[in-house]
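Below, each chain spelled out in residue letters.
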Amino acid sequence: MAEARVSVDVDWFKCAICLELLTDPVSINCGHSFCNSCIQLKWKKDANTGVYSCPLCRQKFTSRSVHGRNVILADIVERMRKVSLHTAVRQLAGPDDEQCYVCTGEKIKAVKTCLVCLASYCEIHLNLHNELNPRNKHRVINVTGKLQDKICSYHNNLKDVYCCEDQKSVCVYCVTNHKGHRIINNHAARLEQSQLFQTARMKFEQRIEETENMLKTLQTAKEEFKSSTQALEKDSEKTFEDLISLIRNQQCVVRDMIKAREQKESQRSDRIQMQLQMDLVKLKNRSGELDHLNDTDDIYFLQRMPLLYAASECPPPPKITVNTCIFDDLKRSVSHIKTHVEQICKYETAKTEIPLIKTSTLITREDFLRYFQPLTLDSKTVNKNLILSENNTKLTWINCVNPSSRIPERFTFLAQALCKQGLSTCRYWEVEWGGPQVYIAVAYKGIQRRGCGSQLGLGHNDKSWSLCCSESRRFVCHNFKETDVLEQISTRIGIFLDHKAGSLSFYNVSNNTMSLIHRIKANFTEPLYPGFWVFDSSYVRLCQFCENVTQQLTVKDIKELTKEKCNVISQFYLWGFSPNAASLFRT
């Protein structure tokens, strides 16, 4: 059915004198229309010269032209005023807006679409459309997108039915190409869409509520944790002060023991010295007597001879040795205390490595890095259009064919490769990529590698799952089924595999933060091998974590960095230090 379509320019309804919408429009003899007040003013000026002319066509009149009110034009202008012409003119159509089909020059944003005329109208031309089609014979709906997207490009007809299998709208003439498919009208499709929307909305609201509850719980936990740490800090300070006081008391006890031993040994050495001095005096006296007897001739000498024999039989002086090891036992006891304290510090510090706040799911990058799996590419699988570098961790597409031997494991048709490691537990790895397009995937070891055809591509068969990273489109793929993803994709992708739970997740990694791109749920029956499909002028690189990884410092790390921090965080008060410090020493 053909419909008459009239193109109307808003400038047609403007006065040529004041350049505004016509007010009380009147027509002169030449047929042009002006505002009544504007043309009257023009005639008054022309009266001075006696020559009257039309402001548009310049046609001259010998006398003032007789003009009458243009009823039809006045009615049209009045209706245009009712729909707020000036407001409508300002709402110009943007690049993403549907344009009015009738407007010429600057296109106005369309507000309604007629499904019979297959055209969209602004507010002004919508009223004209309704005037031409009284009693609402045409079906008019709100503008919900580009009208051209709703028209079949093959049959130039409205896409008014929906194919459930292909998940797209088609026109009635396309139904023959979709035999065996479930076809429903757009109304039923909208009902199903509305039900899906309501279900999805309920799930999102439930997820939002759960997340808000988690945030409240986390905030409460942080406040309780802060309060607990403050109390623990005060308790630990008091404990260490008591410990320091106890050690100082034991230091005084040890010092007193050393001084008492020193005084005792000093007194004993004084007594020995006094005895030796007395023995020395006696020996000198006897030596004098012997000299005196040797000088006399009296027989008295014979009587004194027994003194000579007694002097020669006098016992030798005692040997004196200084024992420098008398404090070895005390040194060992003090060293034992030091060793024991260090061991307790290490033991108690190791126990503080357990995180205080745990989550049921992995959230931070540090959580994922606990499952990090170092990977290397299997050179036997690399296609001849790819080159390996950086210790078998980087794949680069090359313009020339890389000569290679005939190896059964090699991908012969597409620029693909697999890693050596097969994963069957919870594992995490990261990949950097660049260029127009790459596929980041996992696959079973038995994936087909020889032959030709698109079914050999990673994700385009039932033995592989992939994420397509492209400048134009982003989607996940398995067994030829593609699912678009809404998230933007960064140049660093994190992949987490939970083989037992049947979950494969892709994450954006940026500034040590994680954001989920898409999660695939499947029933994995074999170990999965990470793989890549690299396109023209693209590359992928497996990230390896050594000293470059920025991880959250644990208590163990702090202990290794500085002994003082270790002593602060250790719970030394758990060790039962004996109140009788003297019992720790052996005498």
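## Things to note about the overall build of the protein
Here is step 1: In terms of helices and strands, the protein carries eleven helices and 24 strands.
Here is step 2: Looking at the protein as a whole, 31% of its 587 residues qualify as buried.
Here is step 3: Counting only contacts in the protein whose residues sit at least 6 apart along the sequence, the fraction spanning at least 24 positions is 58%.
Here is step 4: Element-wise, carbon and sulfur atoms account for 53% of the exposed surface of the protein, whose accessible area totals about 38,600 Å².

## Section: helix α1 (residues 36-46)
Here is step 1: When we look at burial in α1, the residues that qualify are C38, I39, K42, W43 and D46. Buried residues in α1, looked at end-on, bunch into an arc of 135°, giving them a common side. In α1, the exposed residues that point more than 90 degrees away from the buried face are S37, K44 and K45.
Here is step 2: Buried residues along α1 sit in contact with β1 (25-27), β2 (33-35), β3 (52-53) and β4 (60-61).

## Here's the deal with the pairing of strand β17 (residues 464-470)
Here is step 1: Summarising burial for β17: seven of the seven residues are buried, a large majority.
Here is step 2: Relative to β17, strand β16 (residues 437-443) runs antiparallel, the two being bridged by seven bridges. Its bridge partner being in β17, A443 is matched across the sheet by S464.
Here is step 3: Between β17 and the antiparallel strand that follows it, strand β18 (residues 474-478), lie three residues.

## Let's talk about the pairing of strand β23 (residues 529-534)
Each regular strand shows side chains that alternate between the opposite faces of the sheet.
Here is step 1: Most of β23 sits inside the fold, with six of its six residues counted as buried.
Here is step 2: Where strand β14 (residues 416-418) and β23 come together, three bridges link them in antiparallel fashion. Along β23, the bridge assignment pairs A417 with F532.
Here is step 3: Inspection of the sheet shows β16 paired to β23 by six bridges, in the antiparallel sense. Considered in β23, the bridge of I440 is made with F532.

## A word on unusual backbone geometry
Excluding glycine, residues mostly have negative phi values, and the peptide bonds linking residues are mostly trans.
Here is step 1: Even without being glycine, N391 reaches a positive phi, approximately 55°.
Here is step 2: Take N391: it is sitting in the loop between β12 (386-389) and β13 (394-397).
Here is step 3: On the basis of relative accessibility, which here comes to 72%, the residue N391 falls in the exposed class.
Here is step 4: The phi dihedral of N479 is positive, around 55°, even though this residue is not glycine.
Here is step 5: Structurally, N479 is set in the loop between β18 and β19 (481-484).
Here is step 6: Residue class for N479 comes out partly exposed when judged on its relative accessible area of 43%.

## Structural notes on the packing of aromatic side chains
Here is step 1: Following the criterion strictly, the structure yields eleven aromatic pairs and no others.
Here is step 2: Over the ring of Y539 we find K394, and its NZ or CZ is 4.8 Å from the ring centre.

## Here we look at the nonpolar core
Here is step 1: Formed by 35 residues in total, the largest nonpolar core has its most connected members in L395, W429, I493, L504, F506 and F532.
Here is step 2: Put simply, the parts of the chain that give this core at least two residues each are β15 (426-434), β16, β17, β20 (492-498), β21 (503-510), β22 (513-521), β23 and β24 (539-542).
Here is step 3: Look past the residues within four positions of W429 in its chain and what remains in contact with it is F372, Q373, L375, L423, V442, I493, G494, I495, L497, P530 and L542.
Here is step 4: One finds Y52, M80, C122 and I124 within the second-largest nonpolar core, a separate group that totals 28 residues.

## Focus: the sheet that holds strand β6 (residues 112-114)
Here is step 1: Ordered by their spatial adjacency, three strands build an open sheet running β7-β6-β8, and the pairing between neighbours is antiparallel. Across the chains shown, the open sheet's two edge strands, defined by having one partner strand only, are β7 (119-121) and β8 (140-142). Across the sheet, the mean angle separating the axes of adjacent strands is 30° when strand polarity is ignored.
Here is step 2: Direction of pairing for β6 relative to β8: antiparallel, over a ladder of three bridges.

## Section: the pattern of salt bridges
Here is step 1: In total, this model carries ten salt bridges according to the counting rule given.
Here is step 2: Measuring nitrogen to oxygen at the nearest pair gives 2.8 Å for the salt bridge that ties R473 to E482.
Here is step 3: A relative accessible area of 34% places E482 in the partly exposed class.

## So, the sheet that holds β20
Here is step 1: Ordered by their spatial adjacency, seven strands build an open sheet running β12-β13-β24-β15-β20-β21-β22, and the pairing between neighbours is antiparallel. Each edge of the sheet is formed by a strand with only one pairing partner; in this case those strands are β12 and β22. Across this sheet, the average inter-strand angle for adjacent strands is 25°, counted without regard to direction.
Here is step 2: Strand direction decides the pairing type here: β21 and β22, joined by eight bridges, are antiparallel. When the sheet's bridge partners are listed, Y507 is paired in β22 with L516.

## Side note on the environment of R365
Here is step 1: Position of R365 relative to the elements: it lies in helix α9 (residues 365-369).
Here is step 2: For R365 and G494, which are 129 residues apart along the polypeptide, the C-alpha to C-alpha distance reads 9.4 Å.
Here is step 3: Sequence-distant contacts of R365, defined by excluding residues within four places in its chain, comprise E430, R492, V509, N512, M514 and F545.

Each value, and the rule that gives it
Residues numbered from 1 in each chain as written. Predicted model: local features only at pLDDT ≥ 70, side-chain atom pairs only at ≥ 80, totals over all residues. Heavy atoms only, no water. Helix = DSSP H or I, 4+ residues; strand = E, 2+ residues; numbered from the N terminus. Buried < 20%, exposed > 50% of the residue type's maximum accessible area, 1.4 Å probe, protein only. Contact = heavy atoms within 4.5 Å. Areas by Shrake-Rupley, 256 points an atom, 1.4 Å probe, with all protein chains shown as cover. Arc of directions from axis to C-beta. Pairing = 2+ DSSP bridges. Phe/Tyr/Trp six-rings, centres within 6.5 Å; stacked < 30°, edge-to-face > 60°. Lys NZ or Arg CZ within 6 Å of the ring centre and 35° of its normal. Core = buried A, V, L, I, M, F, W, Y, C linked by side-chain atoms within 4.5 Å. Axes fitted to C-alpha atoms, helices over the stretch in contact; angles between N-to-C directions. Salt bridge = Lys/Arg side-chain N within 4 Å of Asp/Glu carboxyl O.

By themselves, these are just geometric observations and shouldn't be taken as functional.
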